[in-house]
Amino acid sequence: MGFRVALVKSEQGFAPQALISSLGDEAVIVAAEHVLHSDPVSENEGESGEWLALSQLPIAQSLPQVLEGLRREGIDYLKHCLGHFCGAYADGKGQLWVFRDQFNSTKLYFQQRSDGLFISSDWQDPWLEYLATIDSRGLDEYLRYRTHPESLSLFEQLKSLPAYSYFAIRSASQVSLQATGLQACLDVPRSAQFSDLQLKQQIRDQVLAQYQQAKQQYAEAAVLLSGGVDSFLLCALATQVFDKVVAYTPYWLEGQNPELERAKAFAKHLGMEHVLVEFDANAIDATMRRMVGQLGLPLRNFSSVVLDQLLEEVGKHHQLVVYGEYADSLFGSNIARERLLSYAQQQWLQKLPQWSLSPLKVLAPSLHQRVMRQRNRDLSELYQSIYFTVDMQRYTTLCEHLGLPAPGLWNSIDFAAPSSHQDCLYHCQLVSLFIGIYHHMVEIEASAQHAGVAILSPFGNQAMYELSTRLSAPQLFGPAGYSVLKNLKGLHATAVKPLLRELACDYAPRELIYAKKYAFDVPFAKWLAGPLAGPVAQLSKLGWLSDPLTPPYSKQDCELLWTLLCLDIQLQAKGWTNLRSARDVKG
C-alpha cells in the first residue's frame, strides 16, 4: 500500500478517503498502513486531535511506542528507529510532520496547488496532476547522476522531498522543508582520541545492539553475503544473536563471479547455511520496468536488478534481511582516499615555487604537464566526478542530438572546492550519502516491499555516524592515510576500512580478510547485448541515439544505454514515446 497525505479545503472531502483531522480550515486526508488516534477527533474546526500514521512499523516497535517517542523527542526520535518506513504525525496543536526513516528509503513526491498540498509515495498517484512538461534541471540530474537528491523530479509540476529532510506543516500554504541534521554530525574535527581496540569494540557493540533489538521481533535473519568484508562481518556477528542465520549470495552464468568463491569461503568458515541464487538475466527488462514504474526514478545501480531477484527469493523463507550499506562511506573508502590524496598533492605542489618545477619541462615534458594540471586543477571537480554516470562529452553530444539546452554549470549539491582535509572528507561523505547511498536505499526498499521483507542496515544509523567521526586518517585509510609521501608507492585497495578488517580477523583467517577485493561487478555489457538487445535496438528506432551503439559495449556505453532505457520506461508510463512527444522542455 502506498503512502499519501493531502491537505485540502474541508468542504472538498475527497471521498471515499476518510477525513483524519482538520488543520485550520483544511482537511487532512491520509492513506497509510498503520493509523493511531490518541484521542477522538474534535468536531470543532481547528482542533485536529493527535494521531500518527505509518506506512510500515519500525523493527520491533509498536505504533503506541512510536507515538510516545515522537511526543518525547520529536522528529529526533526517528534516529533510534530501525527499518524502513514513512509517516505523518499531528501533535493535536496545529502542527503536522511528514517524515521518513533515517535512511530516507521512501521517495516522497509533492505538489502545492490552489486546491491544497498533496504528498504521495506514488509518482503516478491519481491525486497528482501532470502536464507534458519536462523539467530541464531534473532531466540534467537524471542524465548525469541517475538520481534526484534534492527537490527536483523529471517533471516540472512534481517536486520530491530532498534527502535527509522532512515536512513541517501548519497549513497547505505554511509548509517548510526541515533538515534532519543526521549528516551534520560528520562535520567535526577528527583526531586520534580512541585506540583501534576501543573503536573495534564500539563498532561490534553497535551492531550487536541493533541485532538484539531486531531479535525482539525476528528470531531468524538472512544476510546478503557479497564476498566482501562488510557483509562477512555482519554474518559473523549475526550468528551470535539470532537463532538461525542464513547467508544468500547471487551469481550469474554470463561472465565471471569474482567474489563468489570468497563468499563461499566465508560461509564455510562460519559453518553457516549458504544459499546461492542464480540470476535470471532474461527477467531484467521486466524487473527494470516494474522498479522504474514503482519509483518514478531511474535505477542508479546495475546491481539493483540482481538484488531485486535475490530479495524475492529470500522473501520466500525469511522476513528480516541484513544488508551492509554505509560501511565504505563511514569507515573508509578508496573513493574518498583518492580525493583526499589529490587535495593533499595540490596543497603540496602549490607550496613549491613555480620556478622549481621548470626543469621538469625540459627533462620530462609529459610529467611536467601532469604536475601542472594537478597544481592548477579546480578541486570542486573532486566531488562532482564521484557520481557522474556519463562523461561530459557524451552528455553534451546527447543534449545536442535531443535538442535540449546546453549543459549548465549548476548542481543540486554545492560542490565548492575543499578548504581543508577535514572539509574534503566531509564533502566526500556528504556526496556519497546524498547521491549514492540515498538512491540505493530507495531502490533496496522498493525491492524489499515487492518481496515482503524488512531491511536492517546496521552500519547506517545515528550511532554509527557519530562513531565514524572518532576515526583518524590512518583508522579510515590505513597507515599511509592520505599522506603524499607515504603513498608514493601506490594505493592498496585493502588498506581502507582497517578497523572493520581487523574486527573481521577475529572471525576468519587474516589472509581471507585481506585478499584482493574484486567488487560486486555484474556483467552488464553482456546483458545489454543479450536479453536487453531488443529494448536497446528500440532506443535507436525512437530517436534516442544519433548513432546506434554496437557490442562489445564499453563502460560508458553501458552507462548511457542504461540511463536511456530507464528514461524511456518512465516516459512510456506517462504515454510519451520520447522527449519530443513530451512537447515542451522548460526549466
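So, here is what we can say about the structure in this document. (Residues numbered from 1 in each chain as written. Predicted model: local features only at pLDDT ≥ 70, side-chain atom pairs only at ≥ 80, totals over all residues. Heavy atoms only, no water.)

**With respect to the nonpolar core**
Moving on, step 1. Residues Tyr211, Met288, Tyr326 and Phe459 are the most contacted members of the largest nonpolar core, which totals 142 residues.
Moving on, step 2. It is helix H14 (residues 421-451) that provides the largest number of residues to this core, a total of 14 residues.
Moving on, step 3. Residues in contact with Met288, not counting those within four places in the same chain, are Gly293, Leu299, Val305, Leu532, Trp562, Leu565, Cys566 and Ile569.
Moving on, step 4. Counting residues in each nonpolar core, the second largest holds 23 residues, with Leu7, Trp51, Cys86 and Ile119 among its members. (Core = buried A, V, L, I, M, F, W, Y, C linked by side-chain atoms within 4.5 Å. Buried < 20%, exposed > 50% of the residue type's maximum accessible area, 1.4 Å probe, protein only. Helix = DSSP H or I, 4+ residues; strand = E, 2+ residues; numbered from the N terminus. Contact = heavy atoms within 4.5 Å.)

**What about the environment of Cys185?**
Moving on, step 1. Tracing the backbone through its elements, the reader meets Cys185 in the loop between strand E13 (174-179) and helix H3 (196-215).
Moving on, step 2. In this structure the C-alpha to C-alpha distance between Cys185 and Val362, which are 177 residues apart in sequence, comes to 49 Å.
Moving on, step 3. If sequence neighbours within four positions are ignored, Cys185 has contacts with Gln462, Tyr465, Glu466 and Thr469.

**Re helix H9 (residues 334-350)**
Moving on, step 1. For H9, spanning 17 residues, the distance from its first C-alpha to its last is 24 Å, which sits close to the expected 24 Å at 1.5 Å a residue.
Moving on, step 2. Listed in full, the buried residues belonging to H9 are Ala336, Arg337, Arg339, Leu340, Leu341, Ser342, Tyr343, Ala344, Gln346 and Leu349. (Expected span 1.5 Å × (residues − 1).)

**Considerations on the sheet that holds E13**
The pairing of strands in a sheet happens through backbone hydrogen bonds and is either parallel or antiparallel.
Moving on, step 1. The 6 strands lie next to each other as E4-E5-E6-E7-E12-E13, forming an open sheet whose pairing is antiparallel. Across the chains shown, the open sheet's two edge strands, defined by having one partner strand only, are strand E4 (34-37) and E13. The average undirected angle you get between the axes of adjacent strands in this sheet is 15°.
Moving on, step 2. Contacting E4, strand E5 (50-54), strand E6 (86-91) and strand E7 (96-100), helix H1 (residues 63-73) runs over the sheet at an angle of about 120° to E5. (Pairing = 2+ DSSP bridges. Axes fitted to C-alpha atoms, helices over the stretch in contact; angles between N-to-C directions.)

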